[in-house]
Amino acid sequence: MKTFCGRANPTTGALDWVEESEEYDYHQEIARSCYADMLHDHDRNEKYYQGIRAAVSRIKARGERVVVLDIGTGTGLLSMMAATAGADFCYAVEVFKPMAEAAQCIVKKNNFSDKIKIINKHSSDVTVGPDGDMQEKANLLITELFDTELIGEGALPSYEHAHQNLVTAGCEAVPHRATVYAQLVESELLWSWAQLQPAEVEGARLVPPPAVGRCAGAHSVCDVQLSQVSPSSFTPLSPLCAMFSVDFSKPVSSAFQSHSTSFVARAGGRAQVVLSWWDLDMDPSGAIVCSMAPSWTYPQPAKAPWRDHWMQSVYFLPAERQVAEREELSLTVCHDDYSLWYSLQPHRSAATPPPRPCCTCQAHLVWTRPRFGELNDRRRTGSYVAALRSVLSEDSVCLSVSDGSLLPVFAHMLGAKKVRQLLQTKCSCSDSCINMFWANSKKGGVELLEIRPEQLTSQDLRGEQISVLMGEPYFSTSLLPWHSLFFWYCRTALAGLLRPTATILPCSASLHVVAVEFQDLWRIRAPCGICEGFDVTPMDEMVQRSLDFRESREAEPHPLWEYPCRALTHPTEVMTFDFTQCVPQEPISSQGLTGRCHGVALWMDYHLTDDVTVSGGLTQPISEQGDCEWSRHRKQGVYFLRSAWDSLGDGRTGVSYSFTFEPSLGDVKMDFSITGH
């Protein structure tokens, strides 16, 4: 049996549906999962183990048998902890079949088959009774159902159902309680991810359209490694507020709720952003706490636990609001069964809790938050304006090929005779309201063409030949850095419409690689082996089998500014793509040798002109210590070296590489091999 999977096609810029093995989907899910990250999270594991031992002791002290319900068991780790702590029996529920099968193997390997029953169902489908999945209701509820937003994986409905159907009244729960914290801040950096900011071109100030300025934006949470956002990047306007708590040992409701906290503003400024995270109390007294707080809240930041499965949340207020120092304010958080949103009101306001924010301008439905940041980057804008200024003249006829780009507006502001924007994908059509504002506010200098490049004719251009073909390039379907080579394919398709002396901007691109040692990111791909004294190698083997599938041998997109790493080599340019020429018929290949490393980071630089380059990777030269500063706007490619984990205890080895650009696929294939230990 086959299944259809969506795959970005760099040659067309579209999402193609390709036929894959029926196993492909879950192999990809396993290979790209962060099960290893959770198992390598010693702080999480230790706090759960302490909480479980304490809960088992409390139940036994009452003279009761300990019957555990473990929802979302994963590898079965928490159930094995409970059995080791003295639980009489554990029902471990896991809905994902491959994971349930791995848990079954792990439980058997650790000799707990007589104490733990794996149930491959969603917890809401579990039955209790003589012929049910559970013979009796549990009196100890153990769960790990949380995401960065706490409730985004359906924790509330699952708890609600469990208390109604699967556990006894007055049961113990691990974790016992969760508390959500929030802090109101002003931050130019973070706010740039939410709203389009004014831009300066040739002394003229371009202001976003009113529809964008009034829009409340997308309601979805922005989850980031907040530890990598320096406190100097924001000004706290409120103290850290405990917004609400959920007691998991009591019946839980998934219905809409709102909670407000009053405070006195610590400073004056523009209220824009809410930073949020949560803590888990593993016991009723709150003595065993697992905190998601960013590292800069710790007395010794270097000792803060690292985890990627739970990060911190950034929420954007529907509109920024000026507040005065010592002003009395009220911060409100609302939540339904899966998501949270925040609003700010004057103290003692009787305002009705606001509805969930909804994008009305279309921009937030099309542009990701990093894309907003990219468009708001003044330095980057300056590079494009400088490059355009150097190639434009009064008789320039320009065509822009990029999704939702402001380059056409810049070209018009710089005096080009005619500027057109190609809208060749469905999502970019949604950008037209924004592009039309920027164009029409300057007397209609940009014409929008809803047509694919290979379908464009001289008639569409009214007989004018293109003198400047430009692109950032940016395409919403691009996942890896080199997927933006779609621009090259567009340039090739448009070759017959270009003037012989036409300028292509960017004129070329280069693929770069650097061998790196990750501070923490290596954990998401490293085998676990023994975890807290339990053998979980069946999970390692399951992940390895999935990594052997084709998709999983490729590089992965990661925003490396969130994941510190140390460069072990100088950056190497491994390929150059000459956009002044058409896409070649033959492959382009490159070979070389990296240093000893966890893996390699890959990115693209775009050479707008001979003098102006925009990088999607390193934003500063690598320091003498190997410290790297990465672009916040684009994800870089990361290739994790699996064999390295077995070769040396520190996870580092020597690696040779080979890159091949396949013109027929529009993709870069790569191969890495171990050269020595």
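Criteria and thresholds
Residues numbered from 1 in each chain as written. Predicted model: local features only at pLDDT ≥ 70, side-chain atom pairs only at ≥ 80, totals over all residues. Heavy atoms only, no water. Helix = DSSP H or I, 4+ residues; strand = E, 2+ residues; numbered from the N terminus. Buried < 20%, exposed > 50% of the residue type's maximum accessible area, 1.4 Å probe, protein only. Contact = heavy atoms within 4.5 Å. Areas by Shrake-Rupley, 256 points an atom, 1.4 Å probe, with all protein chains shown as cover. Core = buried A, V, L, I, M, F, W, Y, C linked by side-chain atoms within 4.5 Å. Axes fitted to C-alpha atoms, helices over the stretch in contact; angles between N-to-C directions. Pairing = 2+ DSSP bridges. Expected span 1.5 Å × (residues − 1). Parallel < 35°, antiparallel > 145°, perpendicular 65-115°, else oblique. Left-handed = near helix turned anticlockwise from the far one by under 90°. Nonpolar A, V, L, I, M, F, W, Y, C, P; charged D, E, K, R; others polar. Phe/Tyr/Trp six-rings, centres within 6.5 Å; stacked < 30°, edge-to-face > 60°. Lys NZ or Arg CZ within 6 Å of the ring centre and 35° of its normal. Right-handed = clockwise from strand over helix to strand, strands pointing away.

Asks: Now, about the overall build of the chain: what can you tell me, with residues and values included?
Replies: A count of helical and extended segments in the chain gives 17 helices and 36 strands. Buried residues in the chain amount to 57% of all 677 residues. The contacts in the chain between residues at least 6 apart in sequence include a share of 76% that link residues at least 24 apart. Approximately 27,500 Å² of the chain is accessible, and the part contributed by carbon and sulfur atoms is 49%.

Asks: Give a description of unusual backbone geometry that names residues and reports values.
Replies: Across the junction of V174 and P175, the peptide omega takes the value 0°, indicating a cis bond. Cis geometry marks the peptide bond from L505 to P506; its omega dihedral reads 10°. Following the sequence through the fold, P506 ends up in the loop between strand 24 (498-505) and strand 25 (508-518). Phi is positive for N111, which is not a glycine, with a value near 65°. Take N111: it is sitting in the loop between helix 5 (97-109) and strand 5 (116-119). For Q362, which is not glycine, the phi dihedral falls at a positive 75°.

Asks: How would you explain the nonpolar core if you had to name every residue and give the values?
Replies: Formed by 130 residues in total, the largest nonpolar core has its most connected members in L69, F146, Y342 and W630. Element by element, the count of residues in this core is highest for strand 15 (residues 269-281), at seven residues. In this structure W630 touches V514, L560, W561, C565, A601, W603, G617, L618, T619 and Q636, once residues within four positions along its chain are discounted. Counting residues in hydrophobic clusters, the runner-up holds 45 residues, among them Y489, C490, Y606 and F672.

Asks: Tell me about the packing of helix 5 against helix 16 (residues 537-547), residues and numbers included.
Replies: Interaxial distance between helix 5 and helix 16 falls to 8 Å at its minimum, and their mutual angle equals 145°. Taken together, the residues of helix 16 that come into contact with helix 5 (itself represented by P98, M99, A102, C105, I106 and K109) are T537, P538, M539 and M542.

Asks: Go over the sheet that holds strand 4 (residues 89-93) with me, naming the residues and quoting the values.
Replies: The strands that make up a sheet pair up through hydrogen bonds in the backbone, lying either parallel or antiparallel. With parallel pairing, five strands are arranged side by side in an open sheet as 5-4-3-6-7. For this open sheet the edge positions go to strand 5 and strand 7 (167-174), each flanked by a neighbour on one side alone. Strand-to-strand twist across the sheet, computed as the mean angle between neighbouring axes with direction ignored, equals 25°. Pairing between strand 4 and strand 5: four bridges, direction parallel. From the neighbouring strand, V93 faces strand 5, where its bridge partner is I119. With respect to the sheet, helix 3 (residues 42-61) is in contact with strand 6 (138-143) and strand 7, its orientation differing from that of strand 7 by roughly 145°.

Asks: Tell me what's going on with helix 6 (residues 155-165), and back it up with residues and numbers.
Replies: Three or more residues of helix 6 are buried, namely A155, L156, S158, Y159, H161, A162 and H163. Contacts from the buried residues of helix 6 go to strand 3 (67-71), strand 6, strand 7 and strand 18 (328-335).

Asks: I'd love a proper account of helix 3, names of residues and values included.
Replies: For helix 3, spanning 20 residues, the distance from its first C-alpha to its last is 28 Å, which sits close to the expected 28 Å at 1.5 Å a residue. Positive backbone phi, approximately 80°, marks G63, located one or two places after helix 3.

Asks: Which residues make up the side chain of S484, and what values do they have?
Replies: Take S484: it is sitting in the loop between strand 23 (466-470) and helix 15 (486-493). Under the relative-accessibility criterion, S484 is labelled buried at 3%. Contact partners of S484, with chain neighbours within four places excluded, come to P473, F475, S478, Y606 and R634.

Asks: Account for the sheet that holds strand 19 (residues 340-346), naming residues and giving values.
Replies: Spatially, the three strands line up as an open sheet ordered 14-18-19, and their pairing is antiparallel. Only two strands of the sheet have a single partner each, and these edge strands are strand 14 (257-264) and strand 19. On average, each strand axis in the sheet is tilted by 20° relative to the strand beside it, whichever way the strands run. Pairing analysis gives eight bridges linking strand 14 to strand 18, with the strands arranged antiparallel.

Asks: Describe the pairing of strand 34 (residues 636-640), with residues and values.
Replies: The buried fraction of strand 34 amounts to five of the five residues, a majority that puts the element mostly inside the structure. Of the pairings in the sheet, the one linking strand 28 (residues 556-558) to strand 34 comprises three bridges and is antiparallel in character. By the bridge assignment for strand 34, H558 is matched with Q636. Examined bridge by bridge, strand 32 (residues 599-607) and strand 34 share four bridges and lie antiparallel to one another. The residue of strand 34 that forms the bridge with V600 is Y639.

Asks: Residues and numbers for the packing of helix 3 against helix 4 (residues 77-85), please.
Replies: Orientation of helix 3 relative to helix 4, taken along the N-to-C sense of each, is 40°, at an axis distance of 9 Å. In terms of axis orientation, helix 3 runs oblique to helix 4. As helix 3 packs across helix 4, the resulting crossing turns out to be right-handed. Packed against helix 3, whose contacting residues are R44, N45, Y48, Y49, I52, R53 and V56, the element helix 4 presents L77, L78, M81, A82, T84 and A85 at the interface. In terms of residue class, the contact of helix 3 with helix 4 is made up of nine nonpolar, two polar and two charged.

Asks: Tell me about the packing of aromatic side chains, residues and numbers included.
Replies: Inspection of the entire model under this criterion finds 25 aromatic pairs. Taken together, a centroid distance of 5.1 Å and an interplanar angle of 65° make the contact between W278 and W310 edge-to-face. Linking W278 in strand 15 with W310 in the loop between strand 16 (289-291) and strand 17 (312-323), this pair joins segments that are 32 residues apart in sequence. Residue W278 is classed as buried on the basis of its relative accessible area, which comes to 1%. By way of ring pairs, the aromatic residues F146, Y159, F248, W278 and W310 are connected into one cluster. Positioned above the aromatic ring of Y474, the side-chain terminus of R371 is 3.8 Å from the ring centre.

Asks: Account for the pairing of strand 6, naming residues and giving values.
Replies: Within strand 6, six of the six residues are buried, leaving the element largely enclosed by the surrounding structure. Judged from the four bridges that link them, strand 3 and strand 6 form a sheet pairing that is parallel. The residue of strand 6 that forms the bridge with L69 is L141. Here four bridges tie strand 6 to strand 7, and the two strands are oriented parallel to one another. Residue pairing in the sheet places L141 in a bridge with A173 of strand 7. Taken together, strand 6, helix 6 and strand 7 form a β-α-β motif whose crossover is right-handed.

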